[in-house]
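Residue strings, one per chain:
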Amino acid sequence: MAVMWNLWHGCHKLSEGCRHCYVYRGDARRGRDASGVEKTKSFDVPVRRKRGGGYKVAPGTHVWTCFTSDFFLQDADLWRPDAWDMMRERSDLHFSMITKRIDRLAECVPVDWGEGWDNVSIFCTVEN
């Protein structure tokens, strides 16, 4: 099973590879400015609980992260520590994220990152 987790929405075009960005196209169709970055209502999805106390997202679920933004976007620096905390808490999930801002990785990972976390995969897109 897989879910999408969009913690924040919006981005800033970074390179030629962003020219035909699907987020910008989709937002334009809805009359929304994709360059405005904002925290979403689904920010805390991985740690939401059912009435009985269990997590709504089942253990073992693959969580595709930040598909309407970039996890390492500078605009999200204030929110990212909380995101890492949720990923740490939910070590029973596997989080995957794709970034064009891999150059920010070292400054954005938590202090206990070490060689990485087993439940987090980071992919970098490149072009040209």
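On a predicted model such as this, the values are computed, not experimentally measured, just so you know.

J.: I would appreciate a short explanation of the side chain of R104 in the present structure.
T.: Mapped onto the elements of the fold, R104 is located in the loop between strand 5 (94-99) and helix 3 (105-108). On the basis of relative accessibility, which here comes to 9%, the residue R104 falls in the buried class. Reaching out from R104, the side chain makes a polar contact with the backbone oxygen of F72 at a distance of 2.5 Å. In this structure, R104 is in contact with F72, L73, Q74, D77 and R80, ignoring residues within four places of it in sequence.

J.: It is not clear to me how the packing of aromatic side chains should be interpreted in this structure. Could you clarify?
T.: All chains considered together, the criterion is met by 10 aromatic pairs. An angle of 55° between the planes, with centres 5.5 Å apart, marks the rings of W5 and F95 as tilted. Of the two residues, W5 sits in strand 1 (residues 2-5) while F95 sits in strand 5, which places them 90 residues apart along the sequence. Taken individually, W5 and F95 each receive the classification buried, so the pair is uniform in this respect. Note on F71 and F72: the rings are 5.2 Å apart at their centroids and 90° apart in plane angle, and the pair reads as edge-to-face. Taken together, W8, F43, F71, F72, W79, W84, W113 and W117 form an aromatic cluster joined through their ring pairs. The ring of F43 is capped by K39, whose NZ or CZ atom sits 4.3 Å from the centre of that ring. Positioned above the aromatic ring of F71, the side-chain terminus of R80 is 5.7 Å from the ring centre.

J.: Even after reading the chapter, I still don't get the nonpolar core, so can you show me in this structure?
T.: Most often, soluble globular proteins have nonpolar side chains that are buried together. Grouped together as the largest cluster of nonpolar side chains are 26 residues, with contacts concentrated most on W5, L7, W8, F71, W84, M87 and V120. When contributions to this core are tallied by element, the ones reaching two or more residues are helix 2 (80-89) and strand 5. Per element, the largest residue contribution to this core is four residues, and it comes from helix 2.

J.: Can you help me understand the sheet that holds strand 4 (residues 62-65) in this one?
T.: Note on sheets: strands pair through backbone hydrogen bonds, and any given pair is parallel or antiparallel. Read from one edge to the other, the open sheet built from four strands follows the order 1-4-5-6, with strand pairing classed as parallel. One side of each edge strand has no neighbouring strand; the edge strands of this open sheet are strand 1 and strand 6 (120-124). Taken pair by pair, the neighbouring strands of this sheet meet at an average axis angle of 20°, ignoring direction.

Rules used in this analysis
- Residues numbered from 1 in each chain as written.
- Predicted model: local features only at pLDDT ≥ 70, side-chain atom pairs only at ≥ 80, totals over all residues.
- Heavy atoms only, no water.
- Helix = DSSP H or I, 4+ residues; strand = E, 2+ residues; numbered from the N terminus.
- Buried < 20%, exposed > 50% of the residue type's maximum accessible area, 1.4 Å probe, protein only.
- Polar contact = N/O pair within 3.5 Å; in protein donor to acceptor, adjacent residues only side chain to side chain.
- Contact = heavy atoms within 4.5 Å.
- Phe/Tyr/Trp six-rings, centres within 6.5 Å; stacked < 30°, edge-to-face > 60°.
- Lys NZ or Arg CZ within 6 Å of the ring centre and 35° of its normal.
- Core = buried A, V, L, I, M, F, W, Y, C linked by side-chain atoms within 4.5 Å.
- Pairing = 2+ DSSP bridges.
- Axes fitted to C-alpha atoms, helices over the stretch in contact; angles between N-to-C directions.

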